[in-house]
Amino acid sequence: TKKKRGTYARRKLSDAIDGIGSDSETDDEDGKWVDGSSGMTREQKRSEAAAKMTGEQSLLGLRRMFLSIGRPVDETKKKMSSRKQKQCEELGFYLFNTREEAKKDLKSIMTALEKSHHNPSTDAQSALRKDFIDPLSKLVKKSPQKLFWINMTFFLHHNPIVTLRSERTCAFVIPEVFCKWMWKVSCSSYRVMGKITLSTCQLLVRYLREKLDVDDFQSYADLSFLKKFKIDHIALCLENDFGLWLKPGPAVFPKVEPGIKTEEKDIKDASTLDAVALKNFFVLCTALLDRDYFCIAGNGAENGVGKGATSALVSVTRASLDVGLWTSDSYSSGCARMLPSVIPDLSASIVKSAARQIAKECVEEWMTNTAESVVESCCNLAAGDPGSTDADDAHGNLPLATVVTKLLTREVAEFSSDVALMKMYLAERALRSCLHDITDWDDKVKELMDSRCRELSNDDSDEIPCTEMFFHATHAVVTAEVGLEWIEKHMELMMQDKSRFLAAVQIAGECALVGVALFRCTNLDNETGKFKYSTEENDAICESLTNLEDLCNGVKMECRAVIAYPHLRRVKEYLTRLGKSIGGTRGISSKDQRKRMREQGSLDSWIARPFDSLNSP
């Protein structure tokens, strides 16, 4: 009828506004397709669309962490000790603040190269002089000022020496001073240097990944200046060159001196983060870590296990919380990858490099200490700016949830057991910090672990005979289960601080999902292609995931007045996605079936049956 058509049109328009698709082939009442396969109701589709929109567009848990970038060298030196100043000069951490400064440095480099290769004595030196030094010197001296950086970018892309595509038979070496100059250009401000920062970064990454292991008959780039690097220099560079705030508590921005005219907007947004420069630096550090080029100091317990790697991961954690990192559009100018997508790769590279270099028996100790340091660095960051979505987060719980979610993503963790294990320690420690009211965490987790894994024991002993990785996976899922159970029982207390409620639910969800990821990435034997875990171990995980799915539905039912309280709406939408993800992951338990099989084959159970059942067919 006409009325029904009007109702359907209004409903379709409402669904389109909410971001979901609706067609006549879907039964919107019971969520089943015409062919009988399972689908989602319109309310579930709307809920999922709102959850995605909330997760992608919200800036919850982000704070301003970068003070400034491109500060004058003299000003930077004044704030540094003489030891750090000398260290930064050796490593080349001082970046270019102007194009004139970069060009002046390049001129001095070319002058030195011309003198050192004035009379070449070998074929390689002659090739370097003819194909690299002379063309570049001519470009520096005679290129018009307006076209210099365009010509320089073209030179980097097409010069046979720089691209290592020369047809000459001799092996040559790209000078170290020029490679060091490219490093400084790559990490300099994109607003100042332009697209040449992208070109130099791509070349350096190529040198690191393809041309690092060389012999006497192969051309390569001399990157020996990078041998002075240690992994804790990442924090040093982020603090001194990029202005990252690494001290405890929220960032303290410099006050404007009297007599200096500054717009009110500039005072409010003191962070002038250059996303391209930071992205290039992170990409270069990732390439170095993948080749274990960074030396991780402190392998011994007396020096602190992996102390440098811990400081690096803490600094990357602080950087990932800066609101400008997620809102700046400067990284979209010709960049193949966005800055937020680089951070999980860098964090994973730090973890994997540390796991390879630290003694095997000390890896988990390092992960535990690092998780503690990361959680401490995210606490007490104060609430969001007035008028923001997390202005009510007085205790700073949402930054902790943001770090657990975005620092080491589940997509990265699924491909490495070391990364999954690090994320597990981080999620568990963060959940305990957020739900600090629970004083008997260890007892509750042990009790649930014993009940889940009781069937794994063949005798009456209290020990659980399972592999180490299975224990970690189960421990993460059970920890999330304990957290959600406590939340469900203390809803009135959680409703008093809704930002904490949201953070606790998100961290518990990440804790459960990383447990599943850890279970998956350690279950398959790469050599035989068979699964490692037994049926009983699969059922133990399945039982915990089933309880988690029920807890998600139970907590979600308590989230009322979602229109008046946006945090409750976010909790409800997150639990909707979490429950659906867990439901599609847990599988079906064979526990009841195995119990029936054991009873059927037991003589005692047959004798103990009632008399009537013996006569039944």
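Throughout what follows, the structure given in this document is the object of discussion.

1. What to know about the overall build of the chain
Alright, step 1. For the chain, the helix and strand inventory stands at 29 helices and 4 strands.
Alright, step 2. By residue count, 49% of the 617 residues in the chain fall in the buried class.
Alright, step 3. Taking the contacts inside the chain whose residues are at least 6 apart along the sequence as the reference set, 74% of them involve residues at least 24 apart.
Alright, step 4. Only carbon and sulfur atoms are counted for the fraction: they give 51% of the accessible area of the chain, which is about 31800 Å².

2. Observations regarding the nonpolar core
Alright, step 1. Counting residues in hydrophobic clusters, the biggest one holds 164 residues, and the most contacted among them are M152, F178, W181 and I487.
Alright, step 2. Broken down by element, this core gets its largest block of residues, 14 residues, from helix α24 (residues 498-521).
Alright, step 3. Residues within four places of I487 in sequence aside, it is in contact with L435, M494, F501, A504, V505 and V555.

3. Here we look at the packing of helix α5 (residues 99-116) against helix α8 (residues 176-186)
Alright, step 1. Relative orientation of the contacting elements α5 and α8 amounts to 170 degrees, with a least axis distance of 10 Å. Taken together, α5 and α8 sit at an angle that is classed as roughly antiparallel. Here A102, D105, L106, I109 and L113 of α5 lie close against α8, whose contacting residues are V177, F178, W181 and K184.
Alright, step 2. When grouped by side-chain class, the residues that make up the contact of α5 with α8 number 7 nonpolar, no polar and 2 charged.

4. Describing the pattern of salt bridges
Alright, step 1. Within this structure, the stated rule accounts for 13 salt bridges.
Alright, step 2. Ionic pairing is found between R356 and D292, a salt bridge with its closest N-O pair at 2.9 Å. Here D292 lies in the loop between α13 (275-290) and α14 (307-320) and R356 lies in helix α16 (residues 339-357), a separation of 64 residues in the sequence.
Alright, step 3. Given the relative accessible area of 46%, R356 is considered partly exposed.
Alright, step 4. Notably, a salt bridge pairs R432 with D442, separated by 2.9 Å at the nearest N-O pair. A residue pair is termed long-range when its members are at least 10 positions apart, and R432 in helix α20 (residues 417-434) and D442 in helix α21 (residues 441-452) qualify at 10 residues.
Alright, step 5. Since its relative accessible area comes to 24%, R432 is described here as partly exposed.
Alright, step 6. By sharing partners, the salt bridges in this structure join R63, D390 and D393 into a single network.

So, how was this worked out
- Throughout this description, residue numbers start from 1 for each chain and increase along the sequence as written.
- The predicted origin of the model limits local features to residues at a pLDDT of at least 70 and limits the giving and counting of side-chain atom pairs to 80 or more, whereas totals for whole chains, interfaces and linings rest on all residues.
- Excluding hydrogens and water, the side-chain values take into account all heavy atoms of the structure.
- A run of H or I in DSSP becomes a helix once it reaches four residues, and a run of E becomes a strand once it reaches two; helices and strands are each numbered from the N terminus.
- Only protein chains enter the accessibility calculation, which uses a 1.4 Å probe. A residue is then buried if its area is under 20% of the maximum for its type, exposed if over 50%, and partly exposed in between.
- The contact criterion used throughout is that any non-hydrogen atoms of two residues lie within 4.5 Å.
- Under the convention used here, a 1.4 Å probe and the Shrake-Rupley method define accessible areas, while residue burial counts only the protein chains that appear.
- The set of buried Ala, Val, Leu, Ile, Met, Phe, Trp, Tyr and Cys residues whose side-chain atoms join them within 4.5 Å is what this entry labels a nonpolar core.
- Lines fitted to C-alpha atoms define the axes here, with helix axes fitted over just the stretch in contact, and angles between the N-to-C directions of these axes take values from 0 to 180 degrees.
- Note that the term roughly parallel is reserved for angles under 35 degrees, roughly antiparallel for angles over 145, roughly perpendicular for angles of 65 to 115, and oblique for everything else.
- Classes in brief: Ala, Val, Leu, Ile, Met, Phe, Trp, Tyr, Cys and Pro nonpolar; Asp, Glu, Lys and Arg charged; the others, Gly included, polar.
- Take a side-chain nitrogen of Lys or Arg and a carboxyl oxygen of Asp or Glu: if they are within 4 Å of each other, that pair is a salt bridge.

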